[in-house]
Amino acid sequence: MPAPSVGSSPSDPQSPVIVWFRRDLRTIDNPALCEAAESGRPIVPVYILEDDAPRQPSGAARWWLHHSLKALCRDLTQLGSRLILRRGRATDTLLALAAETGARTVVWNRRYERQETGKDCSITSALVAAGLQVEAFDGSLLFSPKDVRNRAGAPFQVFTSFWRCCLAQADPPRPRPRPTHLPPPPLVRSESLADWVLLPRNPDWSTGISTAWTPGEDSASARLADFLEDGLCCYGQRRDHPDQDATSRLSPHLAFGEISPRQVWYAARAAGAHPADGFLRQLGWREFCHHTLFHFPHVTTQPLRQEFEEFPWNDDETAWQAFITGQTGYPIVDAGMRALWETGWLHNRLRMIVASFLVKDLMIPWQRGESWFWDTLVDADLASNSCCWQWVAGCGLESAPYFRVFNPTVQGEKFDPRGLYVRRWLPELAGLPDHVIHRPWEASSDLLARAGVTLGKDYPRPIVDHDMARKRALAAFERMKSARTDHEA
């Protein structure tokens, strides 16, 4: 029997509606909030810092969460409401809030990675058992994972086919406008955002992140508008060059739901973007990752290609420390890792370069890289982070072939030809000329002296020889395949 809509009349037509905010920290195109507002009933907006969440936000994401919640508090206040902050288990908190306010209805927007854990189902069961009406809405994706299937009814495992099927569907619903006014919630206790201590202390390492980013719904809308006006026209030509500010940088705003993919979709279409090309195709990759997580929840920790469970990964702690501190001796890798630490973000091309270096040149497990990105990225997104690491490692659904090993020197010369990105993040190499900026170990002693660089002192020599590392990785891959064949035989 389908659940009644928010607008239906419960036993008390004036009983409040609890709107549970999660990673949908916005007031525009927020289906749960819009439905609650249209019901005409009092609204209780709540955000729960869940102590039992399967994977806690950490590092840079906690910084973003603090400021995003602060912005949402301001936005709701301007609409006449207020955000209630509570910490604890979601089920217990929602039941307690319903008892305190007399609410008979709880609404939220689906988070597909959590739905696969069964947590949403268990929360729903507990609330319904307590006599509450529960509704969940679609607001985080363009297309439902339940609707996009191949002809056999199975989930797609190839992006091109997946995106073609998505584009054959009816267009996503248009974004819903922000409510013009919200009634104030009942007077109930709200915790203090400052008491959650989401911001770093002793030391405060967030200066670079604070300089680079402004969280919040207004900032997300402004960033999208700026990109569509100035960057969309040349996105295809410039997007792979980290020395140019040519990407939308919307990923953290999408990750925290400060802007919906439907807003991006329709704004980009209106600006002339074609969904099969360029910018909107990247939004399609985001969809593909989330659909993959929905269908294959173990993607976060286990290779989707089972043969990689036999891969002979390396556990070199010295190499790992050199990698995360930007001291590998490969300038484009080190520049990316230092930029990540400083700003909480990494250009997509750099994400592929550094990931390839970790899993193939160093043969360190992709899970360690995924975990490091989870800790340091402001746009840490479970689906995208896991799927992209598996893509580079060659063990995902549609992955780069394992023999595709990025040459970090060639990648640097191709996508940062003048060394602008490297010079920004590795000032110790700033004096080197363009033709050796990505291979300082080949610079003459005279060039190094004039640039004030002493290799091994001011900047490290390469910790591995790329050509040898590539051969080692490919040999390990062949051994893995042989072991798999022998096992199956």
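Peer 1: Which parts of the structure should I look at to understand unusual backbone geometry?
Peer 2: Among all residues save glycine, negative phi is the norm, and among peptide bonds the norm is trans. Omega for the peptide link from Asn202 to Pro203 comes to 5°, which places this bond in the cis form. Considering the arrangement of structural elements, one finds Pro203 in the loop between helix H6 (159-168) and helix H7 (207-212). The phi dihedral of Val197 falls on the positive side, at around 50°, and the residue is not glycine.

Peer 1: What should I look at first to understand the packing of aromatic side chains in this one?
Peer 2: Centre-to-centre distance and the angle between the planes together describe a pair of aromatic rings. What the rule picks out here adds up to 29 aromatic pairs. For the ring pair Tyr112 and Phe294, a centre distance of 5.8 Å and an interplane angle of 80° mean the geometry is edge-to-face. Pair noted here: Tyr112 is in helix H4 (residues 112-115) and Phe294 is in helix H12 (residues 278-295), with a separation of 182 residues, a long-range link. The burial state of Tyr112 is the same as that of Phe294; both residues are buried. Measuring from ring centre to ring centre gives 6.2 Å for Trp213 and Trp345, while their planes differ by 65°; the resulting arrangement is edge-to-face. Residue Trp213 is located in the loop between H7 and helix H8 (217-230), and its partner Trp345 is located in the loop between helix H14 (331-343) and helix H15 (348-361); the two are separated by 132 residues in the primary sequence. An identical accessibility class is assigned to Trp213 and Trp345; each is buried. Three or more aromatic residues joined by ring pairs make a cluster, and in this case those are Phe143, Phe156, Phe159, Phe162, Trp163, Trp265, Trp285 and Phe288. Over the aromatic face of Trp20 sits the side chain of Arg22, whose NZ or CZ is 4.4 Å from the ring centroid. A cation over an aromatic ring shows up here: Arg55 above the ring of Trp374, its NZ or CZ 4.6 Å from the ring centre.

Peer 1: What is the right way to read helix H5 (residues 119-129) from this model?
Peer 2: An α-helical turn contains 3.6 residues, so any two residues separated by three or four positions project in the same direction. Among all positions in H5, only Lys119, Asp120, Ile123 and Leu127 are buried. End-on, the buried residues of H5 take up no more than an arc of 95°, which puts them together on one face.

Peer 1: Mind showing me how you'd approach the nonpolar core here?
Peer 2: Within soluble globular proteins, side chains that are nonpolar tend to cluster in buried spots. Residues Phe311, Phe323, Val333, Leu362, Phe373, Tyr421 and Leu429 are the most contacted members of the largest nonpolar core, which totals 68 residues. For this core, the leading source of residues is H15, giving eight residues. For Phe323, the contacting residues outside a window of four places in its chain are Thr328, Val333, Met337, Val354, Phe357, Leu358 and Leu362.

Peer 1: I keep staring at the layout of surface pockets and nothing clicks. Help me out?
Peer 2: Vacant regions in the atomic arrangement are exposed by a probe of water-molecule size rolled over the atoms. The volume enclosed by the largest pocket comes to roughly 1200 Å³. Residue lining of the largest pocket: 48 residues in total, with Gln282, Trp285, Asn348, Ser384 and Cys388 positioned closest to the centre. For the lining of the largest pocket, the elements supplying multiple residues, two or more each, are helix H10 (251-255), H12, H15 and helix H17 (382-393). The element contributing the most residues to the lining of the largest pocket is H12, with 10 residues. Residue composition of the lining of the largest pocket, by class: 25 nonpolar, 13 polar and 10 charged.

Rules behind the numbers
One numbering rule holds for all chains: residues counted from 1, following each sequence as written. Owing to the predicted nature of the model, reporting of local features is limited to residues with pLDDT of at least 70; listing and counting of side-chain atom pairs is limited to 80 or more, with chain, interface and lining totals taken over all residues. Just so you know, side-chain values use all the structure's heavy atoms and leave hydrogens and water out. Strands are runs of DSSP state E lasting at least 2 residues, helices are runs of H or I lasting at least 4, and numbering of each runs from the N terminus. The rule is short: rings of Phe, Tyr and Trp, with Trp giving its six-membered ring, pair when the centres are within 6.5 Å, and they are stacked under 30 degrees, edge-to-face over 60, tilted in between. Accessible area is worked out with a 1.4 Å probe on protein chains only. A residue is then buried under 20% of its type maximum, exposed over 50%, and partly exposed in between. For a Lys NZ or an Arg CZ to count as sitting over a ring, it must be within 6 Å of the ring centre and within 35 degrees of the ring normal. An arc is given here, and it is the one of the directions from the helix axis to the C-beta atoms. What makes a nonpolar core is a set of buried Ala, Val, Leu, Ile, Met, Phe, Trp, Tyr and Cys residues whose side-chain atoms join them at distances within 4.5 Å. Contacts are residue-level and defined by heavy atoms, with any inter-residue pair within 4.5 Å sufficient. Put simply, the grid is 1 Å and covers the protein atoms alone, a cavity is a trapped set of points that fit a 1.4 Å probe, a pocket is an open set with protein on both sides within 12 Å along at least five of seven lines, and lining residues have an atom within 4 Å of a point. Grid points are joined across faces, edges and corners, and a volume is the space filled by probe spheres set on the points. Following the grouping adopted for this structure description, the nonpolar residues are Ala, Val, Leu, Ile, Met, Phe, Trp, Tyr, Cys and Pro, the charged ones are Asp, Glu, Lys and Arg, and the polar ones are all others, Gly among them.

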